[in-house]
Amino acid sequence: RTRETADPFISKNPHVPVETWNQVHEFTHLNPDIYDGTTKNDRASHAIDYWENADIHFSHGNGAESFAEFTKRIENFIEHLKTRTEKTIVIFSHGRFIHGLKLYLEKIKELGHSSIKDDHIAELMEIHKAGVRNREKFPIENVSVHRIEI
């Protein structure tokens, strides 16, 4: 789906190189072996349980990642971006990834260093949980643009 969203931009800017980065993908907190092909309603109680449990190290199984792993992936992505020489990079991704990236950058700016510990990861998880419950607290809309500076 993300590539389909990017296709119009790619078509209009054929001179711009296109890369796919492994760190950039949606946060999958439920095991896809169990939940692929199910509806949002089918997953609802399990998703609520995941967020209510609020265990940053819990992984729901094969293909799912813990919130701590998700946060580490974001940290690795930021480190990757720091090695790039381009002045501007356009990234197409899913809402939870972009939201997580923005929250992570806000937290390291607040803390004054480039990585965060478990207690801060737990704070980020609580913010994400609030966004799951209330769309107004989850400020990433489909096909929205967000300027992020590293």
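Because the structure is predicted, anything quoted here is derived from the model rather than measured.

**Some thoughts on the overall build of the protein**
Alright, step 1. A count of helical and extended segments in the protein gives six helices and zero strands.
Alright, step 2. For the protein, the α and β elements follow one another from N to C terminus as α-α-α-α-α-α.
Alright, step 3. Since a compact globule built from 150 residues should have a radius of gyration of about 15 Å, the 16 Å found for the protein is in line with a globular shape.
Alright, step 4. Oriented by its inertia axes, the alpha-carbon framework of the protein measures out at about 45 × 40 × 30 Å.
Alright, step 5. Of all 150 residues assigned to the protein, the portion counted as buried reaches 33%.
Alright, step 6. Considering only intrachain contacts with a sequence separation of at least 6, the fraction spanning at least 24 residues in the protein is 71%.
Alright, step 7. For the protein, the accessible surface area stands at approximately 9,800 Å², while carbon and sulfur atoms represent 49% of it.

**A closer look at helix H5 (residues 95–111)**
Alright, step 1. In this model H5 runs 24 Å from its N-terminal to its C-terminal C-alpha over 17 residues, within 8% of the 24 Å that 1.5 Å per residue would give.
Alright, step 2. Buried within H5 we find Phe 97, Ile 98, His 99, Gly 100, Leu 101, Leu 103, Tyr 104, Leu 105, Lys 107 and Ile 108.

**Points about the packing of aromatic side chains**
Alright, step 1. Inspection of the entire model under this criterion finds eleven aromatic pairs.
Alright, step 2. For the pair Phe 77 and Phe 97, a centre-to-centre distance of 5.5 Å together with 70° between the ring planes defines the contact as edge-to-face. Here Phe 77, found in helix H4 (residues 67–82), pairs with Phe 97, found in helix H5; they are 20 residues apart in sequence, far enough to count as distant.
Alright, step 3. Here Phe 77 falls in the buried class, since its relative accessible area comes to 0%.
Alright, step 4. Take Phe 97: its relative accessible area is 0%, and that puts it in the buried class.

**Describing unusual backbone geometry**
Alright, step 1. Positive phi, normally seen in glycine, also occurs at Ala 54, with a value near 50°.
Alright, step 2. With respect to the helices and strands, the residue Ala 54 is situated in the loop between helix H3 (40–53) and H4.

**Some thoughts on the side chain of Ser 66**
Alright, step 1. Tracing the chain through its elements places Ser 66 in the loop between H3 and H4.
Alright, step 2. Leaving out residues up to four positions away in the same chain, Ser 66 has contacts with Phe 27, Tyr 50, Ile 56, His 57, Phe 58 and Ser 59.

**Points about the layout of surface pockets**
Alright, step 1. By volume, the second largest pocket amounts to about 630 Å³.
Alright, step 2. If you trace the second largest pocket, you find 23 residues lining it, with Val 18, Glu 19, Val 90, Ile 91 and Phe 92 closest to the centre.
Alright, step 3. Each residue belonging to the lining of the second largest pocket can be placed in one class, and the counts come to twelve nonpolar, seven polar and four charged.

**Some thoughts on the packing of H4 against H5**
Alright, step 1. Taken N-terminus to C-terminus, the directions of H4 and H5 make an angle of 75°; their axes are 10 Å apart at the nearest point. Viewed along their axes, H4 and H5 adopt a mutual orientation that is roughly perpendicular. Contacts between H4 and H5 involve Phe 70, Thr 71, Arg 73, Ile 74, Glu 75, Phe 77 and Ile 78 from the former and Arg 96, Phe 97, Gly 100, Leu 101, Tyr 104 and Leu 105 from the latter.
Alright, step 2. When its residues are assigned to classes, the contact of H4 with H5 shows eight nonpolar, two polar and three charged.

**Structural notes on the environment of Ile 34**
Alright, step 1. Tracing the backbone shows Ile 34 in helix H2 (residues 32–35).
Alright, step 2. For the pair Ile 34 and His 99, spaced 65 residues apart in the sequence, the C-alpha separation amounts to 25 Å.

**So, H4**
In an α-helix, one turn spans 3.6 residues, which is why side chains three or four residues apart end up on the same side.
Alright, step 1. Relative to the 22 Å expected for 16 residues at 1.5 Å per residue, H4 spans 23 Å between its end C-alpha atoms, a close match to the ideal helical length.
Alright, step 2. Within H4, burial applies to Phe 67, Ala 68, Phe 70, Thr 71, Arg 73, Ile 74, Glu 75, Phe 77, Ile 78 and Leu 81.

**A closer look at the nonpolar core**
Alright, step 1. Within the largest apolar cluster, 24 residues are counted, with the highest numbers of intra-cluster contacts made by Phe 67, Ile 74, Phe 77, Phe 97 and Tyr 104.
Alright, step 2. At the level of elements, H3, H4, H5 and helix H6 (118–133) are the ones that each hand at least two residues to this core.
Alright, step 3. Discounting residues that sit within four places of it in the chain, Phe 67 has contacts with Phe 27, Tyr 50, Trp 51, Ile 56, Phe 58, Ile 121, Leu 124, Met 125 and His 128.

Analysis parameters
- Residues numbered from 1 in each chain as written.
- Predicted model: local features only at pLDDT ≥ 70, side-chain atom pairs only at ≥ 80, totals over all residues.
- Heavy atoms only, no water.
- Helix = DSSP H or I, 4+ residues; strand = E, 2+ residues; numbered from the N terminus.
- Rg over C-alpha atoms; globule rule 2.2 N^0.38 Å.
- Buried < 20%, exposed > 50% of the residue type's maximum accessible area, 1.4 Å probe, protein only.
- Contact = heavy atoms within 4.5 Å.
- Areas by Shrake-Rupley, 256 points an atom, 1.4 Å probe, with all protein chains shown as cover.
- Expected span 1.5 Å × (residues − 1).
- Phe/Tyr/Trp six-rings, centres within 6.5 Å; stacked < 30°, edge-to-face > 60°.
- 1 Å grid on protein atoms, 1.4 Å probe; cavity = no way out; pocket = protein on both sides within 12 Å on 5 of 7 lines; lining within 4 Å.
- Points joined across faces, edges and corners; volume = space filled by probe spheres on them.
- Nonpolar A, V, L, I, M, F, W, Y, C, P; charged D, E, K, R; others polar.
- Axes fitted to C-alpha atoms, helices over the stretch in contact; angles between N-to-C directions.
- Parallel < 35°, antiparallel > 145°, perpendicular 65-115°, else oblique.
- Core = buried A, V, L, I, M, F, W, Y, C linked by side-chain atoms within 4.5 Å.

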